Amino acid sequence: MSEEKSQAKLLQERLFSKKKNGMLRLSADEVKSVDSFCENYKRFLDQSKTEREAAKVSIELAKAKGFTEFDPDKTYSAGDKVYYNNRDKSVILCVFGTEPLEKGVKISAAHIDCPRLDLKQNPVYESNELCLLKTHYYGGIKKYQWPTIPLALHGVIFRADGSRVNVCIGEDESDPVFMVTDLLPHLAQEQSKRTLSEGIKGEELNVLIGSRPFNTDEVSEQVKLNVLSILFDKYGIVEDDFVSAELEVVPAFKAKDVGLDRGLVGGYGQDDRVCAYTALEAILQCDKPKTTCITVLTDKEEIGSVGNTGLQSAYLKHFIFFLAEKAGTTCPMVLNNSTCLSADVSVAFDPTFPEVCEPKNASYCNYGVTVCKYTGARGKSGCNDANAEFLSYVRNIFNANSVIWQTGELGRVDLGGGGTVAAYIADLGVDVVDVGVPVLCMHSPYEITAKLDIYMAFKAFYTFFNN
Ligand code: MN
Ligand code: MN
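Overview of the structure. Because the structure is predicted, anything quoted here is derived from the model rather than measured.

1. A short note on the sheet that holds strand β8 (residues 164-169)
Item 1. Strand order in the open sheet formed by seven strands is β8-β7-β11-β5-β6-β10-β9, with antiparallel pairing between adjacent strands. The strands lining the two open edges of the sheet, one partner per strand, are β8 and β9 (179-180).
Item 2. The pairing of β9 with strand β10 (residues 207-210) spans two bridges and is antiparallel. Its bridge partner being in β10, V180 is matched across the sheet by V207.

The structure is reproduced here in C-alpha cells:
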C-alpha cells in the first residue's frame, strides 16, 4: 500500500520552487560530456593567461572551424563565419543567420582580461644586489594573495625600431619563475598590525627577477646589468624598450582538477575566461542559425571596460554598423531588435564565509549556470537590471533545452557589489542579462569553478544562439 500524500504536501509540490544539485539530474553519459568538455577548457586556460593570448588562441580555434577574417567590403550570406580582431586584445566572432539582419542579432559577451600585476614603464631596478621589477596591479586584487607564489611574465615589447617581441617566461617546465617576497612571521610583528588590505601595499608588489652579478668588473648595479644582458641575448631588448611594452605578471600555476572526485577546476583567470571559453565554443558549434550570432571576447572589463579594446568603446557598434550597411539596414534598427547574454562569472556560495551571501538568492557550485538579473551596489546602482520580459524568454529556452541553471546575486545587500559589461551593452539599446559560472575565490591567483556549471554555461550560450 502506498502512503497517500496529504493535501498540503501535494500543494507544496505544486507551488514551491524545487532546487536540486545538478549532479543529481545528469545521466552517466552527460557527466562524461561534462568532464571531457572541461579537459579542453583547462588546456585553454593554460594557453591563455593574458587577453592577447586568449585572443590569439580563440582566433586559431575559430580558423580551424572555418572562420575567416571579417572584410567590411564583403557581402556575407547565411552560414558564413567571420572574426574581427580588435588590436589583438578583443575579438568579435560572428555566424550569419538565415533571417534578415534587421530582425536583430544575438550576442554573448565575455571578457578575456583578468586581474594581475602589470610592469611599470620603468620597471627594472637593483637594490642590495638583488634585481626587481616595479609593478602596478590591474583590476581588483587582494594584494596579500600575490607574494610567495610562482609567477610568470607574459606580454609584448616593441623595440626602438618598432619590431615586436612576444615574451612568455615561467610556463615551460624548464623555465625559471619569479616571485613577490613577503616577511617571515618572526619579523612581521609590525606588518601584522596592518589591515588586511594594507598587509602588502601596492609599492611592495615588487617582482624578484635576478640575484647574480654580471662579472667582477668594478661597476655599479652588476645584478641589474646581468638581468638586462640576459634579456638582450634572448629578446634583443634594452632598458628603454620597456617604455613601449605591455608585460603582465601572472600566476605560473597550471589549471588542475580540484577535489578527490575531480568535480571542480582550479586555475588562474577563470573570471572571465570560463565564460569566454564557453561562449567561444558555443559560437564555434553554431552552423546556420536563424538569427545572426555574435560572441564578443572583450578586454579591460576589470578596470571599467575603458579604452578602445573595452566595451565602453564603439568597436562592437562599429562592427554591427558595417554588417547593417551591407545588409541594407541601419545599425539602430539591428541593435533595437538584438538580445545579449552578458557572459560573466557570479559568486559561488562559500561555506567558510556564509555571512556574505543571502542563502536564498546565492549561487551554489553544481547548481548550474547562474542567471543574474542585477549586479551593482547600494540599491542596484550602476547595474543593468534586466527586464522581466527578457528573463522570461531566457528562462523558457533554458528549461526547454535542459540547461541546468540557477539565479544569483553579488552578495548580501549593502555589503559590496560590482558590475559587468551588461550595462554598456544595454546602452546600445539591446536587451541583456548576466549569465555565467559561479566562482569560488574570485580574483585570487587560483580561482575555482564546478565542471557541471562550466558545461551548463556552454549549453546556455549554445541554446541562446540556436533558439
Ligand atoms: Mn568578470
Ligand atoms: Mn572580475
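2. Some words on the packing of helix α5 (residues 270-284) against helix α10 (residues 451-465)
Item 1. Close contact between α5 and α10 brings their axes to 8 Å; oriented N to C, the two are set at 40°. Judged on the interaxial angle alone, α10 and α5 are oblique. Remark: the crossing between α5 and α10 carries right-handed chirality. Seen from α5, the contacting residues are V274, C275, T278, A279, E281, A282 and I283; seen from α10, they are I454, A457, F458, F461, Y462 and F465.
Item 2. Split by residue class, the contact of α5 with α10 holds 11 nonpolar, one polar and one charged.

3. Focus on the pairing of strand β19 (residues 431-436)
Walk down a regular strand and you will see the side chains alternate between the two sheet faces.
Item 1. Taken across its six residues, β19 has five buried, putting it largely inside the fold.
Item 2. Pairing of strand β15 (residues 339-342) with β19 involves four bridges; the strand directions are parallel. From the neighbouring strand, T339 faces β19, where its bridge partner is D431.
Item 3. Where strand β17 (residues 369-372) and β19 come together, three bridges link them in antiparallel fashion. In the sheet register, C372 faces β19, and the bridge partner there is D434.

4. Some remarks on the coordination of the manganese ion (ligand 2)
Item 1. The protein atoms that coordinate the manganese ion (ligand 2) are D271 (OD), E302 (OE), E302 (OE) and H443 (NE2), at distances spanning 2.1 to 2.6 Å.
Item 2. Donor residues binding the manganese ion (ligand 2) come from one chain and are separated in sequence as D-x30-E-x140-H.
Item 3. Distance-wise, the manganese ion (ligand 1) is placed 3.3 Å from the manganese ion (ligand 2), both being coordinated by D271. Within this pair, whereas D271 is found in helix α5, its partner H443 is found in the loop between β20 (438-439) and β21 (447-450), the two being separated by 172 residues in sequence. Like H443, D271 is buried.

5. Remarks on the layout of surface pockets
Over the atoms, a rolling probe the size of a water molecule traces out where space has been left empty.
Item 1. In this structure, the largest pocket encloses a volume near 1200 Å³.
Item 2. Forming the walls of the largest pocket are 47 residues, and the residues nearest its centre are V347, L410, G417, M442 and H443.
Item 3. For the lining of the largest pocket, the elements supplying multiple residues, two or more each, are β16 (346-347), β17, α9 (422-426) and β19.
Item 4. Tallied by class, residues from the lining of the largest pocket come to 19 nonpolar, 19 polar and nine charged.

6. A short note on a nonpolar patch on the surface
Item 1. On the surface, L11, L15 and F16 cluster together into a nonpolar patch covering about 340 Å² of accessible area.
Item 2. Judged by its relative accessible area of 44%, L11 falls in the partly exposed class.

7. Side note on the packing of helix α8 (residues 388-400) against α10
Item 1. At a minimum axis distance of 10 Å, the contact between α8 and α10 shows a crossing angle of 110°. In terms of orientation, α8 and α10 fall into the roughly perpendicular class. Across from F390, Y393, I397 and F398 in α8, the residues of α10 making contact are A460, T463 and F464.
Item 2. In terms of residue class, the contact of α8 with α10 is made up of six nonpolar, one polar and no charged.

8. So, the coordination of the manganese ion (ligand 1)
Item 1. The coordination sphere of the manganese ion (ligand 1), as far as protein atoms go, consists of H111 (NE2), D271 (OD), D344 (OD) and D344 (OD), spread over 2.1 to 2.6 Å.
Item 2. Summarised as a motif, the one-chain spacing of the donors to the manganese ion (ligand 1) is H-x159-D-x72-D.
Item 3. Looking at H111, the relative accessible area reads 1%, which means it is buried.

9. Digging into the environment of P123
Item 1. The topology assignment puts P123 in strand β5 (residues 116-127).
Item 2. When its relative accessible area of 2% is taken as the criterion, P123 is described as buried.
Item 3. Every residue in contact with P123, bar those within four places of it in the chain, is listed here: L132, L133, K134 and F242.

10. Some remarks on the sheet that holds strand β2 (residues 81-86)
Item 1. One open sheet holds the nine strands; their spatial order is β1-β2-β3-β14-β4-β15-β19-β17-β18, and the pairing between them is mixed. Every interior strand has two partners, whereas the edge strands, β1 (68-69) and β18 (405-407), have only one.

11. Observations concerning the pattern of salt bridges
Opposite charge on two side chains permits them to pair, given that their charged atoms come into close proximity.
Item 1. Applying the stated criterion across every chain, the model contains 24 salt bridges.
Item 2. Residue K120 pairs with E203 through a salt bridge whose shortest N-O separation is 2.9 Å. Of this pair, K120 sits in strand β5 while E203 sits in the loop between β9 and β10, and the two are 83 residues apart along the sequence.
Item 3. For E203, a relative accessible area of 47% translates into the label partly exposed.
Item 4. The residue E239 makes a salt bridge to K224 at a minimum N-O spacing of 2.9 Å.

12. Points about unusual backbone geometry
Item 1. Cis rather than trans, the peptide bond between D271 and D272 has omega equal to 15°.
Item 2. As for its placement among the helices and strands, D272 is situated in helix α5.
Item 3. Unusually for a residue other than glycine, R87 sits at a positive phi of about 55°.
Item 4. Its location among the elements puts R87 in the loop between β2 and β3 (90-95).
Item 5. The backbone of T148 sits at a positive phi, close to 60°, despite the residue not being glycine.
Item 6. The residue T148 is located in the loop between β6 (130-138) and β7 (151-158) in this model.
Item 7. Note on T148: relative accessible area 49%, which makes it partly exposed.

So, how was this worked out
Residues numbered from 1 in each chain as written. Chains lettered and ligands numbered in written order. Predicted model: local features only at pLDDT ≥ 70, side-chain atom pairs only at ≥ 80, totals over all residues. Heavy atoms only, no water. Pairing = 2+ DSSP bridges. Helix = DSSP H or I, 4+ residues; strand = E, 2+ residues; numbered from the N terminus. Axes fitted to C-alpha atoms, helices over the stretch in contact; angles between N-to-C directions. Parallel < 35°, antiparallel > 145°, perpendicular 65-115°, else oblique. Left-handed = near helix turned anticlockwise from the far one by under 90°. Contact = heavy atoms within 4.5 Å. Nonpolar A, V, L, I, M, F, W, Y, C, P; charged D, E, K, R; others polar. Buried < 20%, exposed > 50% of the residue type's maximum accessible area, 1.4 Å probe, protein only. Donors = N, O, S within 2.8 Å, 3.2 Å for Na, K, Ca; no water. 1 Å grid on protein atoms, 1.4 Å probe; cavity = no way out; pocket = protein on both sides within 12 Å on 5 of 7 lines; lining within 4 Å. Points joined across faces, edges and corners; volume = space filled by probe spheres on them. Patch = residues over 30% accessible without salt bridge, like charges linked within 9 Å, V, L, I, M, F, W, Y side chains within 5 Å. Areas by Shrake-Rupley, 256 points an atom, 1.4 Å probe, with all protein chains shown as cover. Salt bridge = Lys/Arg side-chain N within 4 Å of Asp/Glu carboxyl O.

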